[in-house]
Amino acid sequence: MAEQLDHVARIQQAWNQERPDLDVRPQGVIGRLHRLAGYLTEELRLVYRRYGLGEGEFDVLAALRRAGEPFERAPGELAAFTMVTTGAMTKRIDRLEAGGLVTRRRASGDGRARVVALTDAGRKLIDQAFAEHMRNERRLLDLLSPEDAARLEPILTTWLACFESPRPAGD
């Protein structure tokens with residue numbers, strides 16, 4: 001019986017035939033992670049869409065909710081926490097404000113600064129969406145054995161640290 005090759009293995013096999021002088025083993029990890037990221041992103045977006053949110057809007061609401069009472073942050077903080085430009089953040093906030101999920105107001109003590117806060121409707125929505133999001137992530141992670149998931153997390157943590165600066169807990 002012939003061995004079944006996944007998409008990445010077929011690509012590696014073709015490159016090995018065409019360019020045997022190159023080490024294509026990195027594709028085994030990078031290629032599979034890249035493909036997996038696409039599949040996972042689409043699976044996560046299914047939940048966001050059920051709540052009428054895009055990935056960016058979900059991130060903003062989640063950042064506000066995990067800020068704790070009074071569930072507000074400056075737009076620049078939100079941009080930093082969600083790793084987007086301030087221009088992109090403004091568009092996200094505009095959409096959320098139009099939907100009644102956040103409000104903008106002047107910061108107390110500094111009339112020039114702005115603050116974005118969750119509305120009651122925004123808090124209710126993100127609480128429901130986040131609970132479903134966590135159930136969805138559990139479903140996806142449960143495709144692996146508990147042992148594999150436990151081994152994978154520290155490996156990914158170490159690798160990600162090569163690209164990201166550590167931040168204080170809660171950010």
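Analysis parameters
Residues numbered from 1 in each chain as written. Predicted model: local features only at pLDDT ≥ 70, side-chain atom pairs only at ≥ 80, totals over all residues. Heavy atoms only, no water. Helix = DSSP H or I, 4+ residues; strand = E, 2+ residues; numbered from the N terminus. Rg over C-alpha atoms; globule rule 2.2 N^0.38 Å. Buried < 20%, exposed > 50% of the residue type's maximum accessible area, 1.4 Å probe, protein only. Contact = heavy atoms within 4.5 Å. Areas by Shrake-Rupley, 256 points an atom, 1.4 Å probe, with all protein chains shown as cover. Lys, Arg positive; Asp, Glu negative; His and termini not counted. Charge placed at Lys NZ, Arg CZ, Asp CG, Glu CD. Expected span 1.5 Å × (residues − 1). Arc of directions from axis to C-beta. Salt bridge = Lys/Arg side-chain N within 4 Å of Asp/Glu carboxyl O.

A. A look at the overall build of the chain. Helix and strand counts for the chain come out as seven helices and three strands. Shown N-terminal to C-terminal, the secondary structure of the chain runs as helices and strands in the order α-α-α-β-α-α-β-β-α-α. A compact globule built from 171 residues would reach a C-alpha radius of gyration of about 16 Å, whereas the chain, at 21 Å, exceeds it by more than 25%. Taken along the three principal axes of its C-alpha coordinates, the chain extends 70 × 30 × 30 Å. Within the span of the chain, comprising 171 residues, buried residues form 26% of the whole. Considering only contacts within the chain whose residues lie at least 6 apart along the sequence, 48% involve residues at least 24 apart. When the accessible area of the chain is evaluated, it comes to approximately 11,800 Å², of which 57% is carbon and sulfur surface. Across the chain, 26 positive and 26 negative side-chain charges occur, with their mean positions spaced 5 Å apart.

B. Helix 6 (residues 120-141), seen in detail. Taking 1.5 Å per residue, 22 residues should reach 32 Å; helix 6 reaches 31 Å between its end C-alpha atoms and fits that length. Here helix 6 has its buried residues at G122, L125, I126, A129, E132, H133, N136 and L140. Buried residues in helix 6, looked at end-on, bunch into an arc of 140 degrees, giving them a common side. The exposed residues of helix 6 that point more than 90 degrees off its buried face are D120, K124 and R135.

C. Layout of the pattern of salt bridges. For the structure on display, the rule yields 16 salt bridges. Its salt-bridge partner being R49, residue E42 comes within 2.5 Å of it at the nearest N-O pair. On the basis of relative accessible area, E42 is assigned to the partly exposed category, the value being 36%. When the shortest N-O distance is used, the salt bridge between R95 and E57 registers 2.5 Å. Placement of the pair is R95 in helix 5 (residues 86-98) and E57 in helix 3 (residues 55-65), with a sequence separation of 38 residues. Residue R95 is classed as partly exposed on the basis of its relative accessible area of 49%.

Shape is all these values report; function is a separate question.
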